[in-house]
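Understanding the architecture of this molecule
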Amino acid sequence: AQKVTQAQTEISVVEKEDVTLDCVYETRDTTYYLFWYKQPPSGELVFLIRRNSFDEQNEISGRYSWNFQKSTSSFNFTITASQVVDSAVYFCALKEDSSYKLIFGSGTRLLVRP
Amino acid sequence: NAGVTQTPKFQVLKTGQSMTLQCAQDMNHNSMYWYRQDPGMGLRLIYYSASEGTTDKGEVPNGYNVSRLNKREFSLRLESAAPSQTSVYFCASSTGGDSNQPQHFGDGTRLSIL
């Protein structure tokens, strides 16, 4: 069965701190895709990144970085030098190659305080 | 550059009333989806349409019907609304459900059923 777990319900940090959001997934497929979405207070869902199961290379985009480790079934997201504008709910999601369904974790609410 | 457009943005219904949520995309995407978002539960797939002319049940289809009117439009209907259907509803689209391309989301419809 496919499943995504985001164990951190809510994280609060002070601006400029680094923060890591955890994501653990379960799947039986050998080919799958992992995603991160951001949901700011305004409510829309913004796509951040996609990772394929056969590409374990970590990725950095500005202050954002992602650490994909198949050995631990994790796809963690780190924000460096957090800013107030990073305050949002962040969702990790999994899609198996054999399925049309995108399975979401329950989300992590990040609050960055000035 | 509208992307995915949902109407209405807000709606209040009484128990037993019916309503159709509208969704249209202008990205020439083949696949479209309806999700509901409830507190602490992430997004759950209600129905999806892999391509024009096809629809399939997702994780939580009970109490809903869908229509893929054409390639651009995918509507969600509540025939007899129940308080348990109070939620935020998101429509999404992607190039193809069997691809690894990300889903793009509308801004959501906040639906309250009294």
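Refer to the structure presented above.
These numbers were taken from a predicted model, which means no experiment stands behind them.

Quick look at the overall build of chain A
Summing up its helical and strand segments, chain A has 0 helices and 12 strands in all. Element order for chain A, N to C, with α for helix and β for strand: β-β-β-β-β-β-β-β-β-β-β-β. Based on the C-alpha atoms only, the size of chain A along its principal axes is roughly 45 × 25 × 20 Å. Relative to all contacts within chain A whose residues are 6 or more apart in sequence, the contacts with residues 24 or more apart total 56%.

Section: the interface of chain A and chain B
Many authors give the size of an interface as the accessible area that is lost as the parts come together. Taken together, the contacts link 20 residues of chain A with 22 residues of chain B. With both sides pooled, the region where chain A packs onto chain B buries about 1800 Å², and carbon together with sulfur makes up 59% of that total. Counting the contacts that link chain A with chain B gives 0 salt bridges. At the boundary of chain A and chain B, one finds 2 residue pairs in polar contact (both at pLDDT 80 or more). Sorting elements by how many residues they give to the side of chain A that touches chain B places strand S5 (residues 32-39) of chain A first, with 4 residues. Counted by class, the side of chain A that touches chain B contains 9 nonpolar, 6 polar and 5 charged residues.

Considerations on the environment of B:Thr54
Residue and element names in this part refer to chain B. Summarising the element assignment, Thr54 is placed in the loop between strand S5 (43-49) and strand S6 (56-57). Each residue touching Thr54, except ones within four places of it in the same chain, is listed here: Tyr48, Ser49 and Arg68. A polar contact of 2.9 Å, which involves the side chain of Thr54, links it to the backbone oxygen of Ser51.

Details of the pattern of salt bridges
Residues and elements named next belong to chain A. Counted under the stated rule, the structure contains 6 salt bridges over all chains. Note that Glu59 and Arg51 form a salt bridge whose closest N and O atoms lie 3.1 Å from each other. Within the structure, one salt-bridge network assembled from shared partners comprises Arg51, Asp55 and Glu59.

A closer look at the pairing of strand S7 (residues 64-68) of chain B
Residues and elements named next belong to chain B. Residues of S7 alternate between two faces, with Tyr64, Val66 and Arg68 buried on one and Asn65 and Ser67 left unburied on the opposite face. Where S7 and strand S8 (residues 74-78) come together, 5 bridges link them in antiparallel fashion. Paired with Tyr64 across the strands is Leu78, a residue of S8. Remark: 5 residues form the turn of the hairpin made by S7 and S8, two consecutive strands paired antiparallel.

Structural notes on the pairing of S5(A)
Where a strand is regular, its side chains alternate between the two sheet faces. Residue and element names in this part refer to chain A. Burial runs high along S5: 8 of the 8 residues are buried. A two-sided burial pattern is seen for S5, the buried positions comprising Tyr32, Leu34, Trp36 and Lys38 on one face and Tyr33, Phe35, Tyr37 and Gln39 on the other. Relative to strand S6 (residues 46-52), S5 runs antiparallel, the two being bridged by 6 bridges. Note on S6: the bridge partner recorded for Tyr37 is Phe47. Connecting S5 to the antiparallel partner S6 that follows it, the hairpin turn spans 6 residues, and Gly43 within it adopts a positive phi of roughly 100°.

A few points about the nonpolar core
Ranked by internal contacts, the top residues of the largest apolar core, which has 24 residues, are A:Trp36, A:Phe75, A:Phe77, A:Tyr90 and A:Leu110. Of all the elements in the fold, those that place two or more residues in this core are strand S2 (10-14), strand S3 (19-21), S5, strand S8 (64-69), strand S9 (74-79), strand S10 (88-96) and strand S12 (108-113) of chain A. Of all the elements, S10(A) adds the most residues to this core, at 4 residues. B:Leu21, B:Val66, B:Phe74 and B:Leu78 belong to the second-largest nonpolar core, a separate cluster that totals 20 residues.

Calculation notes
Residues numbered from 1 in each chain as written. Chains lettered and ligands numbered in written order. Predicted model: local features only at pLDDT ≥ 70, side-chain atom pairs only at ≥ 80, totals over all residues. Heavy atoms only, no water. Helix = DSSP H or I, 4+ residues; strand = E, 2+ residues; numbered from the N terminus. Contact = heavy atoms within 4.5 Å. Buried area = accessible area lost by both parts, 1.4 Å probe. Salt bridge = Lys/Arg side-chain N within 4 Å of Asp/Glu carboxyl O. Polar contact = N/O pair within 3.5 Å; in protein donor to acceptor, adjacent residues only side chain to side chain. Nonpolar A, V, L, I, M, F, W, Y, C, P; charged D, E, K, R; others polar. Buried < 20%, exposed > 50% of the residue type's maximum accessible area, 1.4 Å probe, protein only. Pairing = 2+ DSSP bridges. Core = buried A, V, L, I, M, F, W, Y, C linked by side-chain atoms within 4.5 Å.

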